[in-house]
Amino acid sequence: MSVTRRGFLSLVSPRDRSSSVIDVIAARGHEAYWAEQAAGQGTQAGQGGRAGGAGRGGNRPALPEGVEAIRISSNENPLGPGKAVLDAIVGKFPEAGRYPFNSTPSETKLAETIAAFNKVKVENIVVGGGSQEILKSAIRAFTSPFRPLVTAAPTFENCTQIARRMGHPVYEVKVDSAGRLDLEGMIAVVRGAGLVFLNNPNNPTATVHSIKAVTDFVERVRRISPDTVILIDEAYHDYVTDPEYQTAIPLAMSASNVFVARTFSKAYGMAGMRIGYAVGATDSVKPLARLKMPYNISVFGITAAIAALGDQPHIAAERARNTEVRAMTVKTFEELGCKPTASQGNFIFVDIGQPARVFRDACAKSGVMVGRDFPPFENSHVRISMGTMEEMKKANAVFREVLRPSAPAGGGGSRGGGGGVQPGGLGRGSRS
Amino acid sequence: MVTRRKFVTSVGIGAAGAVAGSWVAARGREDSIWSMLEPELSAQTPAATAAAPIILSSNENPFGPGKAVLDAVQAAFGPSGAQPGRYSNASGALVEALAKHHGVQPANITLGCGSTQILRTATHVFTSRTKALVGTIPTYEECAGYADMMGHPVRPVPLDAEFNADLDRIADAARGAGLIFFCNPNNPVATYVGARATRDFLSRVTRISPETTILVDEAYFDYVTNPDHATHIPLAIEDPRIVVARTFSKAYGMAGLRMGYAVGHADTIRKMADWDSGSGTSSLNLLAMVAGTAALTQDPGFIKAERERNLAVRQFAMQWFSSRGMKPTDSQANFMFVNIGRPVKAFRDACALKGVRVARDFPPFENTHCRISFGTMEEMKKAVTVFGEVLGKPAATSAA
């Protein structure tokens, strides 16, 4: 809630509430909504809600009328992009009619800016319509009916879903007891695979592997299965505070068949703009460049992304803000006797000892929207994204209320919480 | 002096509140930002002018979207349009608006990141290593380029002497093909096959080659002035083998937003969406969805006015070349394909030096024909001055 943001808002629409601008560009709820659609509708989901937006997955609870939502289900920057980004978009209204190769700056300039930011050459970058396009192209380019995808469970499901829809085999390796990607388990099945999807930090478990562990992993995969491509998805890179973690971009630049995916949807707060990219050695990213959709970034997106990369203090502030909120929320759960994993993202994955659905529905009654089910942990763990400090203070109060041991039904603070949604105790829920 | 760069900066920082709403409204669409900038640009040094050329190379609407569209984009920033979770419904709202606009069901529509995505998807889904793509040569290259990349065969069909699609030859080539790409009006040649002839052609192809899908690209639909004109959407929603592509990039003036769509039989649309939906909205950006919905609900007079504006420029530009003995094809679009009687590259490069950008080469006509998009009337008047300088003086007789 910086002064600059309010300043911008007063320029755009003086009577606005501060959350509005943010929600539209940041598209809060994007990730959760579409994941729910995909879960609820299988392959029918997506591509612009062909079903007219009707029919949701069965995973999102209804919000009581009149209750203002605190949406902490989608791992998106609650503050949205910075002032520089919003100004840049508005400034490009005159070029809305121009193709992205005719606009100023053009799509080429975006790729050049991303390359310079990451200290690589432009031929090392492939820009995607969200990192989803990168992931989609990777599945199409590198997997086949005979070359499986190796991924984790749970992890970001995008690759898994696309590979399954294409009928390509998928090996899902369950995370270890601390919620970390089981690198040994993945190595055990990697021979002959087309693609390994390595989400670091891993969504939804929020854990990271050190650069040393990732480097060792890549070297071993290279020895065992030289043709297997390794996709390291660093969507949450900007939130990591663990000093053992580093980006794998230098590794990707020096190894063969390795690339890193990044996105503007998370810390940059621009999920609504759909911009992501791949970085890797030229030969590694060439197959992605072949499949890249022409003119995939809007004129507004180009200018927004360039402005965003130029506003690193905004990202640093977002990381600091998130770290503070994350520590507070982790503490709340620890006090409630619920153990979160070692979160390095802008979300936590916490053992609430009861089905996520029960907890989710109970929180929704107070307007707090937490993450969907993440099998195989849907009966014990919930993923909670970090909202603003203000949102999270309210949310933490709701968590305390919902998880309060042996609360009598209809107790004073239970706003509309019906009997049956209160847990009988901590850690007593059914486990999978 | 206000350079464009300075202008944009001042809009962004000092005048954001005025941009989409009152500012555009006050000036009116006919006095859009481009023409407003021209006096400043023309006063620039040559180097600065070169940085902001007259762009006649991409078949865009030079005025961009209507006020209602920019208002809606701004409203998406503001109080009415940005409740939490609004994103969740933006694509649904656009699909609903499109369905209503075309009198079809939402299941008949799938969205794309520009019609580019629609064309690629159709090529992927309906062609294979054994099922060819059929298209005229030249035509818009997206489908052929993708098929080629995937190793799927492409059967190019020459145009007739007047640069019209040769329907008999296309029908012959269609036997056993996977997909016919039928761009009408046809880019880059600007010619148009009437509605009746197109209907007959579609019915003939579906009879003689039942396994072939026909993608009718109606990107330039709104620019057609030939009275024998109708969309083939009604046929498409009845027949799974016909699918229509549309875009907001042309008459709607939203090339920078990236939004297109396909309309067809629910089964065909499902096949396309199943291949390319990715997860969620994939590559569709929110502002494009908001803008698309607004574009459909704006004053229907917007498209009519754009068609008429374009027609006047088209007549002016075609007359200019005709009177100099350079024959354009019978354009029904917002661009022309004209025989300049010399290699296009030299012409293009010379025009670019003078601040006018015309289109790339279109083999096999790169040594004779240039595609020139229609800018504003003001831009075209400046452009023909440049063309005159580059092509040489007209014959004395043509001055009359």
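Residues numbered from 1 in each chain as written. Chains lettered and ligands numbered in written order. Predicted model: local features only at pLDDT ≥ 70, side-chain atom pairs only at ≥ 80, totals over all residues.

Next up on the list: the overall build of chain B. Scanning chain B from N- to C-terminus turns up 16 helices and 11 strands. Taking as baseline every contact in chain B between residues at least 6 positions apart, the subset at least 24 positions apart corresponds to 74%. (Helix = DSSP H or I, 4+ residues; strand = E, 2+ residues; numbered from the N terminus. Contact = placed C-beta atoms within 7 Å.)

Moving on, we come to the overall build of chain A. Along chain A, the regular secondary structure elements total 15 helices and 12 strands. For chain A, the proportion of its 432 residues judged to be buried stands at 59%. For chain A, contacts bridging at least 24 residues in sequence account for 73% of all contacts bridging at least 6. (Buried ≥ 20, exposed ≤ 12 C-beta atoms within 10 Å, placed from the backbone.)

Our focus in this paragraph is the domain arrangement of chain A. How big an interface is tends to be stated in terms of the accessible area lost upon association of its parts. Residues and elements named next belong to chain A. Per the domain assignment, the segments of chain A are domain 1 (22-81 + 313-403) and domain 2 (84-310). At the junction of the two partners, domain 1 supplies 35 residues and domain 2 supplies 35 residues. For the side of domain 1 that touches domain 2, the element with the most residues is helix 13 (residues 312-335), which contributes 5 residues. Residue composition of the side of domain 1 that touches domain 2, grouped by class: 17 nonpolar, 13 polar and 5 charged. (Domains from an automatic or database assignment. Nonpolar A, V, L, I, M, F, W, Y, C, P; charged D, E, K, R; others polar.)

All right, on to the pairing of strand 2 (residues 109-112) of chain B then. All names here are of chain B. Covered by surrounding structure in strand 2 are Ile109 and Leu111 together with Thr110 and Gly112, the residues of both alternating faces. Sheet analysis places strand 2 next to strand 8 (residues 260-264), joined by 4 bridges and oriented antiparallel. The partner of leucine 111 across the bridge, within strand 8, is tyrosine 261. (Pairing = 2+ DSSP bridges.)

To continue, consider the packing of helix 6 (residues 131-142) of chain A against helix 7 (residues 158-166) of chain A. All names here are of chain A. Contact pair helix 6 / helix 7: the axes reach a minimum separation of 9 Å and the direction vectors enclose 40°. Put simply, helix 6 runs oblique to helix 7. The two elements helix 6 and helix 7 cross, and the hand of that crossing is right-handed. In this structure, helix 6 contributes Gln132, Leu135, Lys136 and Ile139 to the contact, and helix 7 contributes Asn158, Cys159, Ile162, Ala163 and Met166. The residue inventory of the contact of helix 6 with helix 7, partitioned by class, reads 6 nonpolar, 2 polar and 1 charged. (Axes fitted to C-alpha atoms, helices over the stretch in contact; angles between N-to-C directions. Parallel < 35°, antiparallel > 145°, perpendicular 65-115°, else oblique. Left-handed = near helix turned anticlockwise from the far one by under 90°.)

The next subject is helix 12 (residues 266-276) of chain B. Looking only at helix 12 of chain B, the buried set comprises B:Thr268, B:Ile269, B:Lys271, B:Met272, B:Ala273 and B:Asp276. Structurally, helix 12 of chain B contributes buried residues whose contacts are with strand 2, helix 7 (114-126), strand 7 (242-247) and strand 8 of chain B.

Residue and element names in this part refer to chain B. The domains assigned to chain B are domain 1 (4-68 + 300-399) and domain 2 (85-297). Tallying the contact residues gives 26 residues for domain 1 and 25 residues for domain 2. Broken down by secondary-structure element, the contributors of at least two residues to the side of domain 1 that touches domain 2 are helix 14 (301-322) and strand 9 (335-339). With 5 residues, helix 14 is the single largest residue contributor to the side of domain 1 that touches domain 2. A class-by-class count of the residues in the side of domain 1 that touches domain 2 yields 13 nonpolar, 8 polar and 5 charged.

Take the sheet that holds strand 5 (residues 179-183) of chain B next. All names here are of chain B. With mixed pairing, 7 strands are arranged side by side in an open sheet as 2-8-7-6-5-3-4. Both edges of this open sheet fall to strand 2 and strand 4 (154-158), since each of them pairs with a single strand only. On average, each strand axis in the sheet is tilted by 25° relative to the strand beside it, whichever way the strands run. Bridge analysis of strand 6 (residues 213-217) against strand 7 gives 4 bridges, and the strand direction is parallel. Of the residues in strand 7, the one forming a bridge with isoleucine 214 is isoleucine 242.

All right, on to the nonpolar core then. Soluble globular proteins tend to bury their nonpolar side chains together. Of all hydrophobic cores here, the largest spans 193 residues; its most connected members are A:Val196, A:Leu231, B:Ile180 and B:Ala291. Once you skip the residues sitting within four places of it in the chain, A:Val196 turns out to touch A:Val150, A:Met186, A:Val190, A:Val221, A:Thr228, A:Ile230 and A:Leu231. Of all hydrophobic cores here, the second largest spans 28 residues; its members include A:Cys338, A:Val350, A:Met369 and A:Ile384. (Core = buried A, V, L, I, M, F, W, Y, C linked by C-beta atoms within 7 Å.)

Let us look at the confidence of the model for chain B. Residues and elements named next belong to chain B. Looking at chain B, pLDDT values average 84 and 81% of them are 70 or higher. Of the regions scoring below 50 in pLDDT, residues 1-50 engages in 62 contacts with residues more than four places distant in sequence or in other chains. Across residues 396-400 the pLDDT falls below 50, and counting only partners more than four positions away or on other chains, this stretch makes 4 contacts in the model. (pLDDT = per-residue confidence, 0-100.)

Residues and elements named next belong to chain A. What the 7 strands build is an open sheet, ordered 2-8-7-6-5-3-4; its pairing is mixed. Across the chains shown, the open sheet's two edge strands, defined by having one partner strand only, are strand 2 (125-128) and strand 4 (170-174). Taken over all neighbouring pairs, the strand axes of this sheet differ in orientation by 25° on average, direction set aside. Relative to strand 5 (residues 195-199), strand 3 (residues 149-153) runs parallel, the two being bridged by 2 bridges. Looking across to strand 5, one finds that valine 150 is bridged to valine 196. Contacting strand 2 and strand 8 (276-280), helix 5 (residues 107-117) crosses the sheet at an angle of about 125° to strand 2.

Residue and element names in this part refer to chain B. Turning to helix 9 (residues 167-174), its buried residues number three or more, namely Ile170, Ala171, Ala173 and Ala174. In an axial view of helix 9, the angular spread of the buried residues amounts to 165°, which keeps them on one side of the axis. On its buried face, helix 9 sits against strand 3 (133-137), strand 4, strand 5 and helix 10 (195-208). (Arc of directions from axis to C-beta.)

Residues and elements named next belong to chain B. Here arginine 129 is to be found in the loop between helix 7 and strand 3. By C-beta crowding, arginine 129 is classed as exposed, having 10 other C-beta atoms within 10 Å. Other than its neighbours up to four places away in sequence, arginine 129 contacts Gly151 and His152.

Time to look at the environment of A:Asn77. Topologically, A:Asn77 is positioned in the loop between strand 1 (70-71) and helix 4 (83-91). When the C-alpha atoms of A:Asn77 and A:Met270 are compared, they prove to be 8.2 Å apart, with 193 residues separating the residues in sequence.

What follows is about unusual backbone geometry. All names here are of chain A. Proline 105 follows threonine 104 through a cis peptide bond whose omega is 0°. In this structure, the amide linkage connecting asparagine 203 to the following residue, proline 204, adopts the cis form with an omega of 15°. Mapped onto the elements of the fold, proline 204 is located in the loop between strand 5 and helix 9 (211-224). With a phi close to 55°, lysine 119 is a non-glycine residue in the positive phi region. For lysine 119, the location among the structural elements is in the loop between helix 5 and strand 2.

Each regular strand displays side chains that alternate between the two surfaces of the sheet. Residue and element names in this part refer to chain B. Burial within strand 6 is extensive, with 5 of its 5 residues counted as buried. Alternating positions in strand 6 separate into two faces, Thr213, Leu215 and Asp217 on one and Ile214 and Val216 on the other, with burial throughout. For the crossover from strand 5 across helix 10 to strand 6, the handedness is right-handed. Handedness of the strand 6-helix 11 (residues 233-238)-strand 7 crossover: right-handed. (Right-handed = clockwise from strand over helix to strand, strands pointing away.)

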